[in-house]
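Residue strings, one per chain:
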Amino acid sequence: MADVQRTIEGFILDSLLLGDETRLPGPSESLVESGVIDSTGILELIEFLEAEFEISVDEAETVPENLDGVANLVSYVGRKTAAQERESLAS
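What you see is a predicted model, and the numbers here were worked out from it, not measured in a lab. (Residues numbered from 1 in each chain as written. Predicted model: local features only at pLDDT ≥ 70, side-chain atom pairs only at ≥ 80, totals over all residues. Heavy atoms only, no water.)

## Some words on the packing of aromatic side chains
With the rule as written, the count across this model stands at two aromatic pairs. Ring geometry for Phe 11 and Phe 48: centres 4.3 Å apart, planes at 10 degrees, overall stacked. In this pair, Phe 11 sits in helix H1 (residues 2-16) while Phe 48 sits in helix H2 (residues 39-53), placing the two residues 37 residues apart along the sequence. Comparing Phe 11 with Phe 48 shows no difference in burial state: the two are buried. Between Phe 48 and Phe 53 the ring centres are 6.1 Å apart and the planes differ by 85 degrees, which places this aromatic pair in the edge-to-face class. One exposure class covers both Phe 48 and Phe 53, and it is buried. Clustering of aromatic rings is evident, with ring pairs tying together Phe 11, Phe 48 and Phe 53. (Phe/Tyr/Trp six-rings, centres within 6.5 Å; stacked < 30°, edge-to-face > 60°. Helix = DSSP H or I, 4+ residues; strand = E, 2+ residues; numbered from the N terminus. Buried < 20%, exposed > 50% of the residue type's maximum accessible area, 1.4 Å probe, protein only.)

## Describing the packing of H1 against helix H4 (residues 70-90)
The relative placement of two packed helices is expressed as an angle between their axes plus a distance between the axes. Contact geometry for H1 and H4: axes closest at 9 Å, N-to-C directions at 130 degrees. What the angle tells us is that H1 and H4 run oblique. For H1 against H4, the interelement crossing comes out right-handed. Residue-level inspection shows Val 4, Gln 5, Ile 8, Glu 9 and Ile 12 of H1 in contact with H4, the latter providing Val 70, Leu 73, Val 74 and Val 77. Tallied by class, the residues present in the contact of H1 with H4 amount to seven nonpolar, one polar and one charged. (Axes fitted to C-alpha atoms, helices over the stretch in contact; angles between N-to-C directions. Parallel < 35°, antiparallel > 145°, perpendicular 65-115°, else oblique. Left-handed = near helix turned anticlockwise from the far one by under 90°. Contact = heavy atoms within 4.5 Å. Nonpolar A, V, L, I, M, F, W, Y, C, P; charged D, E, K, R; others polar.)

By themselves, these figures tell us nothing about what the structure is for.
Written out as structure tokens, the structure reads:
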């Protein structure tokens, strides 16, 4: 999961913070409350997650518990990829 965290932090740093490492929030900090991301940024983040990790983010999953904070994102990606692996094995 460390690779997932580095990948997500890299996206946030490059795409949302334009390389300003001083503004990168800690893993448990809110991206919204820290001013890192807004509604447009959340759409970019979802597109990134879907492309990078080959997952599908359902509308019902677009909640802060999944998408607001690096730690939440890492957990969410882990759950989604594990579910997809189980589905692949079952078919």
